[in-house]
Each structure stands twice: as C-alpha cells, then as structure tokens.
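Here's the letter readout for the chains.
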Amino acid sequence: MHEALRARILALELAPGQSLSRAEVSETYGVSQTPVREAMQRLADEGLLEIFPQSKTEVSRIDIGHAQETQFLRLSLELEVVRRLALAPDRSFVDEIDLLIRRQERALADGDMEAFSNLDQAFHRRMHSLLGVETLWDLVTARSGHIDRLRNLNLPDPGKSASIMDCHRRIAAAIRAGDPEAGEAVVREHLSGTLERAEDIRARYPAYF
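Conventions adopted
- Residues numbered from 1 in each chain as written.
- Predicted model: local features only at pLDDT ≥ 70, side-chain atom pairs only at ≥ 80, totals over all residues.
- Heavy atoms only, no water.
- Core = buried A, V, L, I, M, F, W, Y, C linked by side-chain atoms within 4.5 Å.
- Buried < 20%, exposed > 50% of the residue type's maximum accessible area, 1.4 Å probe, protein only.
- Helix = DSSP H or I, 4+ residues; strand = E, 2+ residues; numbered from the N terminus.
- Expected span 1.5 Å × (residues − 1).
- Contact = heavy atoms within 4.5 Å.

A. Here's a closer look at the nonpolar core. If you look at the biggest cluster of nonpolar residues, it comprises 27 residues, and the most contacted ones within it are F93, I97, M127, I171 and I175. Listing elements by their share of this core, those giving two or more residues are α4 (64–86), α5 (94–109), α6 (113–130), α9 (160–176) and α10 (180–196). At six residues, α9 tops the list of elements feeding residues into this core. Formed by 13 residues, the second largest nonpolar core is a distinct cluster that contains I9, V36, M40 and L49.

Next up, the structure:
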C-alpha cells in the first residue's frame, strides 16, 4: 500500500495539494482502512503527505529546500561510491552497469518513460550494492520524494533524458578506466541539472510548490 501510493505521488498522478480520503483509498485498493492509515502515516513521515487531524490529508507541495538537502546527501554519497568503484582492483562489474545502460537506452527509444525512470534508479542502486552500501541508497530514497517529483517535472524537457543517458555512459566509462576524478566530475554534473532549473520549473507549475 505504501509503495503503491508513493509511486503515484512521485509520478504526480496524485498531484501536490490534492486531498486524499482514507475511505476512498481503502475502497480503491479493496483493503481495510488500517493499512491505508499506516501507509499514509509513513508517507507523512517522509514528507509526502500532510495530515491535518480531524480535518483532511493532502499530498504535500514540493519543497525546494528539502530537495536541496536531499541532493546534498545524495551527492556526498555518490561521489564516494563512484570513487571507490573506480579504484577497485577488479572492475569487470562494469559490464553489468553497461547492460543496465543499454536497457535504459532501449526504454528511451521505445518511449517507455516509466521503464526509463525505473532503470535510472536501478543504475544508481546497483552501484551502491556493488560496494555493499545498498541500505544507504534506501535511506536517500526514503527522503527523496521532493527531489524526485522535481525531476519528474523536468524529465519531459527537451534534452533531459538524453543528458541522463550521456552522464550514465560517462560515469561507467570513468569507472572502467579507473579514473575517479573524471567519475566524480560527471556525478556533479549529473546530479546538479534539475536543481539548477528549479525556479523555472516552479514558474511553470506554481500550484505544485
């Protein structure tokens, strides 16, 4: 239940500011209100819902400050992940990363943006798991709702998806070449793009902020 509602919020199917009724959600998914209440509380803890006791529950509006904090945490983590992978004595695992990139390229060519986004997440998750720190990726993901929604608003912009693919390719190439500095430079470029356009995105979707 939590994951289903969270996915709909991140995809903006449940829009920022939209009211949610526990009874209606319960009816939609054919479950009792207990799991719905628990899922909503988890989403509130993650900053994706605002619960007003005895009043209403709303999808939270996008908080750019929160997005910036999460981005700081993610950048700090991914710089170290890419550095350590590039310095690994055996980097044959890059073949597996390249396979994820090729699958993401196919999803983009097919216009399947849901698969594209899922493979984007899989690319970054796999790099963390290769170092045995996948739980840290889960930690970042749990608080990434605001930056992820910002990204999903940015994704349809011309050139954005192509830029993501280019950065993934260059990150993999830097790791394969054993060049941590090049990898770190691409990570900084890759993770900065959406926040650099945050004000433009807010101007286009003011009701979401």
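B. Just helix α3 (residues 33–45), in detail. Spanning 13 residues, α3 covers 18 Å between terminal C-alpha atoms, matching the ideal 18 Å at 1.5 Å per step. Its buried side turned inward, α3 meets α1 (2–10), β1 (19–20), α2 (22–29), β2 (49–52) and β3 (56–59). Trailing α3 by a residue or two, G47 shows a phi angle of about 85 degrees, which is positive.

C. Representation of unusual backbone geometry in the model. One non-glycine residue with positive phi stands out, namely L12, at about 65 degrees. Accessibility expressed as a relative area gives 15% for L12, which makes it buried. Positive phi values are uncommon outside glycine, yet Q54 reaches one of about 60 degrees.

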